[in-house]
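Given next are the chains, with one letter for each unit.
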Amino acid sequence: MTQDPHAHDHDHDHAHTHGADDFLAEMFDGDRPPSDFEVLEIALRELLFEKGVITPAELKEKIVEWDAKTPAIGARIVARAWVDPAFKARLKQDFIETVAELGIDARGPDIVALENTPTLHHVVCCTLCSCYPRAVLGMPPDWYKGREYRARVVVEPRAVLGDFGTVLPESVEVRVVDNTAENRYLVLPLRPQGTEGMSEADLAALVTRDSMIGVGLAKRPQG
């Protein structure tokens with residue numbers, strides 16, 4: 001197992017555009033106090049509104065834009081890479097420019113495609129916060145942001161994979177890669193056997209979010 005240590009930025013999800021008091025009342029409703037990060041997010045957002053850096057309408061528009069991003073975007077990319085070796089080669093050289101060929105806007109932090117092989121399996125994490133290729137996978141799942149996953153996957157990756165039902169032969173190297181402020185990673189899972197002749201759309205349906213993080217494998221075709 002190898003791990004790439006890097007500096008991180010801190011991504012935080014934003015879901016509201018009204019005042020801080022209303023935000024707290026709606027989000028927590030007395031069930032629990034907000035975390036320190038949530039309080040800081042609210043304070044920063046209200047300050048940006050007050051200074052005119054961004055308006056509530058602009059923030060709402062951006063939230064809608066990001067809510068539309070889902071793992072289906074990444075699945076399209078993987079399916080094209082499976083059927084088009086030249087596309088895959090370009091993808092590994094310049095991800096953002098290459099996916100633009102599919103009409104996908106992945107601008108932002110650089111994204112790197114990591115290809116799984118019969119002897120090498122990549123697993124992606126963010127050890128310090130929740131850095132994630134949101135432009136092509138959407139919002140990260142809660143477990144990805146959780147302290148347990150972030151701490152365990154770099155120490156016992158095979159055990160963590162086992163928790164997800166993914167058991168790999170000992171002959172396969174498991175490499176843990178850390179998302180950073182500069183680079184985010186998308187795993188290109190192994191193409192399942194028996195998929196020859198399938199359309200890109202059918203292949204994309206086999207690509208799961210977890211397989212593009214590396215904790216899972218692509219689904220096998222039915223029948």
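Shown above is the structure to which this text applies.
Participant: Sorry, what's going on with a nonpolar patch on the surface here?
Facilitator: Taken together, the side chains of Leu44, Leu48 and Val53 present a nonpolar region at the surface, about 260 Å² in accessible area. On the basis of relative accessible area, Leu48 is assigned to the partly exposed category, the value being 30%.

Participant: Explain the nonpolar core to me, please; I cannot follow it from the model alone.
Facilitator: Generally speaking, a soluble globular protein has its nonpolar side chains buried in company with each other. With 51 residues, the main nonpolar core has Ile77, Leu91, Phe95, Val136, Tyr149 and Leu186 as its most contacted residues. Per-element accounting of this core gives the leading share, seven residues, to helix α4 (residues 71-83). What Ile77 contacts, discounting residues up to four positions off in sequence, is Phe87, Leu91, Phe95, Val99, Leu102, Ile104, Val136 and Leu186.

Participant: Is there a simple way to explain empty space enclosed by the protein in this structure?
Facilitator: Where empty space is left can be seen by rolling a probe of water-molecule size over the atoms. Inspection of the entire model under this criterion finds one cavity of 30 Å³ or more. A volume near 30 Å³ is recorded for the largest cavity. Lining the largest cavity are Val124, Tyr132, Pro133, Leu137, Tyr144, Asn179, Tyr185, Met212 and Ile213. Of the residues that constitute the lining of the largest cavity, the class distribution is eight nonpolar, one polar and no charged.

Participant: Got a minute to help me understand α4 in this structure?
Facilitator: An α-helix turns once per 3.6 residues; consequently, residues spaced three or four apart project the same way. Given a rise of 1.5 Å per residue, 13 residues ought to cover 18 Å, and the 19 Å separating the end C-alpha atoms of α4 matches this to within 8%. Contacts made by the buried residues of α4 are with α5 (85-93), α6 (95-99), α7 (134-137), β4 (183-188), α11 (200-204) and α12 (209-213).

Participant: Which parts of the structure should I look at to understand the pattern of salt bridges?
Facilitator: Working definition: two side chains of opposite charge can pair if their charged atoms are close together. For the coordinates displayed, the defined rule picks out 14 salt bridges. Glu200 is the salt-bridge partner of Arg80, the closest N and O atoms lying 2.9 Å from each other. Here the residue Arg80 occupies a position in helix α4, and Glu200 occupies one in helix α11, the gap between them amounting to 120 residues. You can call Arg80 partly exposed: its relative accessible area is 24%. For Glu156, the salt bridge identified is with Arg152, shortest N-O distance 2.6 Å. Looking at Arg152, the relative accessible area reads 22%, which means it is partly exposed. Here the salt bridges do not stand alone but share partners, grouping Glu148, Arg152, Glu156 and Asp163 into one network.

What counts, and where the lines are drawn
Residue positions are counted from 1 within each chain, in the order its sequence is given. Local features in this predicted model are restricted to residues of pLDDT 70 or higher, and side-chain atom pairs are both shown and tallied only at a pLDDT of 80 or more, whereas totals for entire chains, interfaces and linings draw on every residue. Side-chain figures throughout are based on the complete set of non-hydrogen atoms in the structure, without hydrogens or water. In this scheme, patches are assembled from residues that exceed 30% relative accessible area and form no salt bridge. Like charges are connected within 9 Å, while nonpolar side chains (Val, Leu, Ile, Met, Phe, Trp, Tyr) are connected within 5 Å. For the area figures, the Shrake-Rupley method with a 1.4 Å probe applies, and any residue is considered shielded solely by the protein chains shown. Any carboxyl oxygen of Asp or Glu within 4 Å of a side-chain nitrogen of Lys or Arg constitutes a salt bridge here. Think of it in three bands: residues with accessible area under 20% of the maximum for their type are buried, residues over 50% are exposed, and the middle band is partly exposed, with areas taken using a 1.4 Å probe on protein chains only. To define a nonpolar core, start from buried Ala, Val, Leu, Ile, Met, Phe, Trp, Tyr and Cys residues and group those joined through side-chain atoms within 4.5 Å. Segments assigned H or I by DSSP are reported as helices when at least four residues long, segments assigned E as strands when at least two residues long, and all are numbered from the N terminus. Contacts are residue-level and defined by heavy atoms, with any inter-residue pair within 4.5 Å sufficient. Within this scheme a cavity is a closed region of a 1 Å grid, computed over the protein atoms alone, that accommodates a 1.4 Å probe without allowing it to escape, whereas a pocket is open but has protein on both sides within 12 Å along at least five of seven lines; lining residues each have an atom within 4 Å of a point. Grid points are joined across faces, edges and corners, and a volume is the space filled by probe spheres set on the points. Put simply, Ala, Val, Leu, Ile, Met, Phe, Trp, Tyr, Cys and Pro go in the nonpolar bin, Asp, Glu, Lys and Arg in the charged bin, and everything else, Gly too, in the polar bin. Each helix should span, by expectation, one fewer than its residue count multiplied by 1.5 Å.

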